[in-house]
Amino acid sequence: MWFSKKKQAAVYGVMDVGADAIKGVVFEMPREEAGGRAASAALPRVLKKFVWDLPMSCSPLRKIKKIKESVFIIAENIGKAPDKITVALGPEVGECVLQDWVLPVAGDVPLTGKNVRAAYRDLFNQRADARRAMIAVPVEVLVNGYPWAGQEQASRGRITGAPHGYEIRFRVMTLSLSVDSGVFFAEVQRGLVGIATEFIPLVVAEREALGEALGIRDAFLIDIGAEVTALVSVRDGRLAHVAFMPVGIRCIAGIAAKKYRYSLRDARGMMRRYAAGGMRDDASMPVSAAASEGVAEWKKNFVRALDAFYPTGPLSPAVLLAGGGAHYPEIKAAVASGDWLGGFSYAEKPVLRVLEGAAFFNGDTLGGNMRGPEDAGLAALMAYVAHRRPIF
């Protein structure tokens, strides 16, 4: 084994919820390294990988019911209670938005960890809505516009030079759900007695993993899923902005289905074979034409979505392509062309990298379980669990 038998292993479960499948992994790592800085030197040992395909037409509520079933399957199939199960969600199940929550604080209130946590709870409660459920994950704390230094700053108590008060700003990634969906998530947490269960937006894990596992502090991540493309701007290690466009690789399959009068399911299978390079040259030529047409539609939506990034500062020219869409040569060519970057960056051309799952583990596929860009989200989740430290 890769760790001493004298060391007790911590067991974790992670799940990446997409539009067409739910992927899960159960893995273990030395307990004294889990969550600490030494974890970066250890590779997780995969105990089991799960993939649950979802039907073509799957409502958010039905998807959440499947999430509930899948979490219990993971908990039951690993032979012992996991220390924690982390489930990553996205706009496939609810509205995902990066928000700023701001609270002015009187100058005589010390800046302590306890008071920062209390301020966050107050702001969360202010935003509670009986008509909607909400998952909220704080990703950064700013005090008077500067990053909060955590316990080091808390130990100094008051802020020097702020007799009239100060401002605490929390950058929070939120996922808004229907009340019924929130009930299902609450049932999962109640049903797994003794097992910590965390629900987070996937982009939170991706940002953390880029910095902690890969040392990437500036990047523009394009994660192309089945129905949604996530656009994530990371600048100086911070989550600068996030946007989602409701177009993924299914739009390519849809065009192919119309052209060849296939069912959407058959067209998806054909496009997967094409993207994986599993077609003869003579057979791939007409499919390539359909892919080019679909990618042209994808790119129109992509360029429109970039407008949301203009107020948040320049995009990094270091572009990371992830998700199933990263296999398509037409998408790689469309992004690498750089004709979209000039108005949003100081560079004219992007430096494109396809982000594969194995990249988070120094190129190790963990026994073949983490391979291409379609596994990047799941691998980022594993890295997030290994490296994560609460911000307050």
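Right above here is the structure, for reference.
Below or above, wherever it landed, is the structure these notes cover. (Residues numbered from 1 in each chain as written. Predicted model: local features only at pLDDT ≥ 70, side-chain atom pairs only at ≥ 80, totals over all residues. Heavy atoms only, no water.)

Turning next to helix 6 (residues 250-260). Among the residues of helix 6, those classed as buried are R250, I252, A253, I255, A256 and A257. Directly beyond the C-terminal end of helix 6, a positive phi value near 55 degrees is found at R261. (Buried < 20%, exposed > 50% of the residue type's maximum accessible area, 1.4 Å probe, protein only. Helix = DSSP H or I, 4+ residues; strand = E, 2+ residues; numbered from the N terminus.)

Spatially, the five strands line up as an open sheet ordered 12-11-10-13-14, and their pairing is mixed. Of all the strands in the sheet, the pair left with one neighbour each is strand 12 (238-245) and strand 14 (351-354). For this sheet, the mean inter-axis angle between neighbouring strands, taken without regard to orientation, is 20 degrees. Alignment of strand 11 (residues 229-235) against strand 12, held across seven bridges, turns out to be antiparallel. (Pairing = 2+ DSSP bridges. Axes fitted to C-alpha atoms, helices over the stretch in contact; angles between N-to-C directions.)

Here the focus is empty space enclosed by the protein. Think of a ball as big as a water molecule: rolled over the atoms, this probe shows where empty space is left. Enumeration according to the criterion identifies one cavity of 30 Å³ or more in this entry. Approximately 40 Å³ is the volume found for the largest cavity. Secondary-structure elements contributing two or more residues to the lining of the largest cavity are helix 5 (202-214) and helix 10 (376-387). Among the elements that take part in the lining of the largest cavity, helix 10 stands out by supplying three residues, more than any other. When the residues that make up the lining of the largest cavity are grouped by side-chain class, the tally is seven nonpolar, one polar and one charged. (1 Å grid on protein atoms, 1.4 Å probe; cavity = no way out; pocket = protein on both sides within 12 Å on 5 of 7 lines; lining within 4 Å. Points joined across faces, edges and corners; volume = space filled by probe spheres on them. Nonpolar A, V, L, I, M, F, W, Y, C, P; charged D, E, K, R; others polar.)

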